[in-house]
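Coordinate analysis (summary)
Residue-level listing of the chains:
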Amino acid sequence: MDPKPVRTRFAPSPTGRMHLGSARSALYPFLLARRTGGTFILRIEDTDQKRFVPGAEQELIDGLHWLGINYDEGPDVGGPCGPYRQTERREIYHEYAWKLVELGHAFPCFCTPDRLDKVRQEQMKNKQNPRYDGACRNLNPDEGRRRAASGEKVVIRFKMPKEGSITTTDLLRGPSTTENSALDDSVLLKSDGLPTYHLAAMVDDHLMEITHVIRGSEWLPSLPLHTHIIRAFGWEEPQFVHLSVFLKPSGKGKMSKREAAEAIQDGHSIYVSEMQSLGYIPEGVLNWIALMGWGVSEGDVLTLDDMIARFDIHNLTPSPAAMNFAKLDHFNATHIRLLRTDDLAARVKPYFLREGLAVDDAKLLKIIPLIRERLVTLDDSLPFAAWFFKETVEPKPADLVAKNLTAAQSADVARKAYEILAALSEITPAVAEPPLRLLVEQLGLSPNQVFGILRVAVTGQTVSPPLFESMEIVGKEKVLERVKKAIKVLEST
RNA sequence: GCCCCCAUCGUCUAGUGGACCAGGACGUGGCCCUUUCAAGGCUAAAACUGGAGUUCGAAUCUCCACGGGGGCACCA
């Protein structure tokens, strides 16, 4: 066993919306850290000032917070290895880049982007692999340093060995050997003084003592480069785990902007920040993304705590996974049903308020058990229960007419039901249901017909929570008032 | 074009040479329950990409093909 405490990290770049793929990239290292009693870190990789999006970092932080993926060290909470924002660490990268030059594993390069472009185009025309032509590779380091110090635009490139090969290891895929001749002299430090990912991530993972690098599979092709860099410094190599990508629901190609838009049409989203307003709860979202790329044999309804207890990095799967929103709905509904009544009430309340409804908390608490198992998303509570918080309901006359009955016959049924209800001391399921069932029998009708009329009369809609329980919450006075009104409507139809 | 990765029901997956006529979950069909809508119970259909090897024996190991995905920037 490795005695070193586990340290993992989520290292996003603030260049856009936080999508579900990022959420999963945060979840797994979080789970590993929590599972092993280790430390989980948030590091912001903001070295690309061109693609920087203001507010993106906050969205990331909010998203993690909403999901319950808490980090021990990060830009807003600090920690012993800070700063945790790469733009605040530029001197560090500068130092390490030049150290690599000193060690003979890197070289300063003064080639202009213009010239490199031309070279690249020439190479492509000749059907060669586009790569650095090595113009500055053998420059005298001292001269390079001098020119750089004098303010000349300079870049530092890794000095990839021409010969030999390197064997790298991905925890899920095993070892893989790459010929060095297939690798390029990649840029490590840009002319703006900021590092590229290759340098920054390796330096930070080392300084932050990251033991397991869990990242997207788009990094797999650059693992040989990264391993070269780490070995050039003489550092210990962390375990590398490359996660598969999320594919669009069809399984053909990865999620794109277009698919994201289509998902929205459908009441779904791939953006964490939108999940809440769509009525999803973190438990549902987490369960869904966790199991895309993590195989459990049985028992797949998991809370975050369950995941921590059961997580094993070796059960991650290397193959791409297609998004299946139907499964998200299933997990969301399942976790909603698992919520305590007061918890669910508190979570559902904002959706009523959002519609401008005045919510009575005590009443809401009584409604929750009636709608709980009917909800897929939290906002589904609106069609089921919004009418509870309205003074009056406006049933459609056609809905009040029972199946296979005329309006006049329906009115007659309603009148008889009214008399029964009016005579009751109170309207509860226990008191009201038996006499009304008796009425159903006496009239030779189906429960569906009689209760249907009452349902529409009282709730204003054809689909509602259970009738008698609903009537109890509404109260006798309002029930009678609404049934009376329904009779009038039916009579005038 | 070059490099890399992946491969089990429609989808997510279990499976690490015999315990697999391949298990679970979502979805789908049927039945039951039922005052609507759900939920719940039972049940059905549904997969090892193809070929060649290794082996007494292969979903599991090797190779090839096909397929899918990713990467080839002074982006991450």
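Structure shown above.
Residues numbered from 1 in each chain as written. Chains lettered and ligands numbered in written order. Predicted model: local features only at pLDDT ≥ 70, side-chain atom pairs only at ≥ 80, totals over all residues. Heavy atoms only, no water.

What follows is about helix α19 (residues 447–459). For α19, spanning 13 residues, the distance from its first C-alpha to its last is 17 Å, which sits close to the expected 18 Å at 1.5 Å a residue. A large share of α19 lies buried, amounting to 11 of its 13 residues. What α19 keeps buried is the set Gln449, Val450, Phe451, Gly452, Ile453, Leu454, Arg455, Val456, Ala457, Val458 and Thr459. Where α19 is buried, its residues touch α16 (397–400), α17 (407–423), α18 (429–443), α20 (467–474) and α21 (476–491). (Helix = DSSP H or I, 4+ residues; strand = E, 2+ residues; numbered from the N terminus. Expected span 1.5 Å × (residues − 1). Buried < 20%, exposed > 50% of the residue type's maximum accessible area, 1.4 Å probe, protein only. Contact = heavy atoms within 4.5 Å.)

What follows is about the protein's contact with RNA strand B. As a matter of local geometry, RNA strand B sits amid 63 residues, with Asp48, Lys190, Leu291, Glu373 and Arg374 nearest to it. A share of 68% is what sugar and phosphate atoms reach among the atoms of RNA strand B within 4 Å of the protein. A distance of 3.3 Å is found between a phosphate oxygen of RNA strand B and a side-chain nitrogen or oxygen belonging to Ser176. In the environment of RNA strand B, a base nitrogen lies 2.7 Å from a nitrogen or oxygen atom belonging to the side chain of Lys327. Looking at the surface near RNA strand B, the elements with two or more residues in it are α4 (113–125), β4 (155–158), β11 (321–322), α12 (325–338), α19 and α20. (Near = heavy atom within 4 Å. Polar contact = N/O pair within 3.5 Å; in protein donor to acceptor, adjacent residues only side chain to side chain.)

Tallied over the entire structure, the rule returns 32 salt bridges. Measuring nitrogen to oxygen at the nearest pair gives 3.7 Å for the salt bridge that ties Arg43 to Asp204. Of the two residues, Arg43 is situated in the loop between β2 (39–42) and α2 (56–67) and Asp204 in helix α6 (residues 197–207); the sequence distance between them amounts to 161 residues. With respect to class, Arg43 is no different from Asp204; both count as buried. (Salt bridge = Lys/Arg side-chain N within 4 Å of Asp/Glu carboxyl O.)

It is worth spelling out the nonpolar core at this point. Counting 56 residues, the largest nonpolar core has Leu27, Leu31 and Trp294 as its most contacted members. Counting residues per element, this core draws most heavily on helix α1 (residues 20–36), which supplies nine residues. Look past the residues within four positions of Leu31 in its chain and what remains in contact with it is Trp294, Leu304, Met307, Ile308 and Phe311. Core analysis: the next-biggest nonpolar cluster, separate from the first, contains 53 residues, Ile368, Ala432, Phe468 and Ile487 among them. (Core = buried A, V, L, I, M, F, W, Y, C linked by side-chain atoms within 4.5 Å.)

Turning next to the packing of aromatic side chains. Applying the stated criterion to the full structure yields 12 aromatic pairs. Aromatic pair Tyr28 and Phe311: ring centres 5.8 Å apart, planes at 25°, arrangement stacked. Of the two residues, Tyr28 sits in helix α1 while Phe311 sits in the loop between α11 (304–310) and β11, which places them 283 residues apart along the sequence. Both residues of the pair, Tyr28 and Phe311, count as buried. Between Phe352 and Phe389, the aromatic rings sit 5.3 Å apart at their centres with planes inclined by 70°, giving edge-to-face as the arrangement. (Phe/Tyr/Trp six-rings, centres within 6.5 Å; stacked < 30°, edge-to-face > 60°.)

Another point: the sheet that holds β4. Ordered in space as β3-β4-β7, the three strands form an open sheet in which the pairing is antiparallel. Every other strand in the sheet has two partners, leaving β3 (106–109) and β7 (187–189) as the edge strands with one partner each. Averaged over all pairs of adjacent strands, the angle between strand axes in this sheet comes to 40°, irrespective of strand direction. Of the pairings in the sheet, the one linking β4 to β7 comprises two bridges and is antiparallel in character. (Pairing = 2+ DSSP bridges. Axes fitted to C-alpha atoms, helices over the stretch in contact; angles between N-to-C directions.)

Every second residue of β4 is oriented toward a common face, with Val155 and Arg157 on one face and Ile156 and Phe158 on the other, all of them buried. When β3 meets β4, the two strands line up antiparallel, connected through four bridges. Bridge assignment links Cys109 to a residue of β4, and that residue is Val155.

Direction vectors running N to C along α17 and α21 enclose 160°, while the axes themselves pass 9 Å from each other. Taken together, the axes of α17 and α21 lie roughly antiparallel to each other. Handedness of the crossing formed by α17 with α21: left-handed. Where α17 abuts α21, its residues Ala407, Ser410, Ala411, Ala414, Arg415, Tyr418, Leu421 and Ala422 lie against Lys476, Val479, Leu480, Val483, Lys484, Ile487, Leu490 and Glu491. Across the contact of α17 with α21, the residue classes break down as 11 nonpolar, one polar and four charged. (Parallel < 35°, antiparallel > 145°, perpendicular 65-115°, else oblique. Left-handed = near helix turned anticlockwise from the far one by under 90°. Nonpolar A, V, L, I, M, F, W, Y, C, P; charged D, E, K, R; others polar.)

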